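# Coordinates in review
Next come the chains, spelled out residue by residue.
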Amino acid sequence: MFEARSIAADETRSLRHRVLWPHKPSPDVCTIDVDEAEHAHHVGAFNAEGEHVGVCSLFHQRSDRFPEALPIDDDVYRLRVMGTLPEVRGQGAGAAIVRYAANWSREQGAVWLWCDAREVAFPFYERMGFEFVSEGYHVPDIGPHRMMALKL
Ligand SMILES: CC(C)(COP(=O)(O)OP(=O)(O)OC[C@H]1O[C@@H](n2cnc3c(N)ncnc32)[C@H](O)[C@@H]1OP(=O)(O)O)[C@@H](O)C(=O)NCCC(=O)NCCS
């Protein structure tokens, strides 16, 4: 029902604006500093009509907050800025993105895919096979989080 595929960094911005950062003035400013970093990779989900309904980005990074949460010798990718449009939630677009992200990260040689999960998204990531690898922490303006990771 949903297809996930690689997209360019600038194709993430409209969805980031609509889903994650509607308070920002325009899609053009919905960037993050590592969008063009080496090994950065961006993923979109598309419905049967080809409409763009979901997004995430993958970065070749360890956690600064919990550097020892995953085995130090294991290669890891970070899943970040993940979201799907409210009108498609619960229909599989998020799952399509995570499956694509996990396969792609595994192909790069990673052993773990991790994220800083918002509390509201814990059930989604658990359903996708992620486990908690840190205690809880608070992100200003956003709320409670925990680091979660999927063994690839
Ligand atoms: C979290 C989010 C990406 C999930 O996307 P989605 O398109 O709804 O995900 P899916 O429909 O593919 O869900 C996959 C599974 O997780 C389950 N699931 C998703 N959200 C859930 C929730 N809040 N509570 C319980 N289960 C949930 C689905 O029911 C589905 O289970 P199933 O396989 O048994 O049918 C989406 O809700 C979202 O964009 N939220 C706002 C932004 C956000 O919080 N992003 C994450 C930041 S860390």
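See the structure shown above.
Here is a short report on the structure shown in this document. The shown structure was predicted, so the numbers you read here are calculated from the model rather than taken from an experiment.

What follows concerns the pairing of strand β5 (residues 112–118). Among the seven residues that make up β5, five are buried, leaving the element largely enclosed by the rest of the structure. With three bridges joining them, strand β4 (residues 76–84) and β5 adopt parallel strand pairing. Its bridge partner lying in β5, Val-76 is registered against Trp-112. The pairing of β5 with strand β7 (residues 143–151) spans seven bridges and is classified as antiparallel. Following the sheet pairing, Ala-117 is matched in β7 by Arg-146.

A word on the sheet that holds β5. Within the open sheet, the seven strands sit side by side as β1-β2-β3-β4-β5-β7-β6. Their pairing is mixed. Both edges of this open sheet fall to β1 (3–7) and β6 (131–139), since each of them pairs with a single strand only. For this sheet, the mean inter-axis angle between neighbouring strands, taken without regard to orientation, is 25 degrees. Here strand β2 (residues 41–46) pairs with strand β3 (residues 52–59) via six bridges, running antiparallel. The partner of Phe-46 across the bridge, within β3, is His-52. Strands in contact with helix α1 (residues 13–20) are β2, β3, β4 and β5; relative to β3, the strand with the most contacts, it is inclined by about 105 degrees. On top of the sheet, helix α2 (residues 93–107) reaches β1, β2, β3, β4, β5 and β7; it is set at about 160 degrees to β4, its chief contact.

In this structure, Cys-56, Leu-58, Leu-79, Leu-113, Tyr-125 and Phe-130 are the most contacted members of the largest nonpolar core, which totals 44 residues. For this core, the element with the highest residue contribution is α2, accounting for eight residues. Apart from residues lying up to four places away in sequence, Cys-56 is in contact with His-41, His-42, Val-43, Leu-79, Arg-80, Val-81, Met-82, Ile-97 and Ala-101. In terms of nonpolar packing, the next biggest core, distinct from the first, is built from nine residues, Leu-70, Trp-114, Val-139 and Ala-149 among them.

This part covers the packing of aromatic side chains. The description of an aromatic ring pair uses the distance of the two centres, along with the angle that the planes make with each other. Considering all chains together, one arrives at five aromatic pairs under this definition. Measuring from ring centre to ring centre gives 5.1 Å for Tyr-77 and Trp-104, while their planes differ by 80 degrees; the resulting arrangement is edge-to-face. Residue Tyr-77 is found in strand β4, and its partner Trp-104 is found in helix α2; the two are separated by 27 residues along the sequence. Judged by its relative accessible area of 2%, Tyr-77 is buried. Assessed through its relative accessible area of 13%, Trp-104 is described here as buried. Pairing Tyr-125 with Phe-130 gives two aromatic rings, centres 5.1 Å apart and planes at 65 degrees, and the pair type is edge-to-face.

What counts and what doesn't
Residues numbered from 1 in each chain as written. Predicted model: local features only at pLDDT ≥ 70, side-chain atom pairs only at ≥ 80, totals over all residues. Heavy atoms only, no water. Buried < 20%, exposed > 50% of the residue type's maximum accessible area, 1.4 Å probe, protein only. Helix = DSSP H or I, 4+ residues; strand = E, 2+ residues; numbered from the N terminus. Pairing = 2+ DSSP bridges. Axes fitted to C-alpha atoms, helices over the stretch in contact; angles between N-to-C directions. Contact = heavy atoms within 4.5 Å. Core = buried A, V, L, I, M, F, W, Y, C linked by side-chain atoms within 4.5 Å. Phe/Tyr/Trp six-rings, centres within 6.5 Å; stacked < 30°, edge-to-face > 60°.

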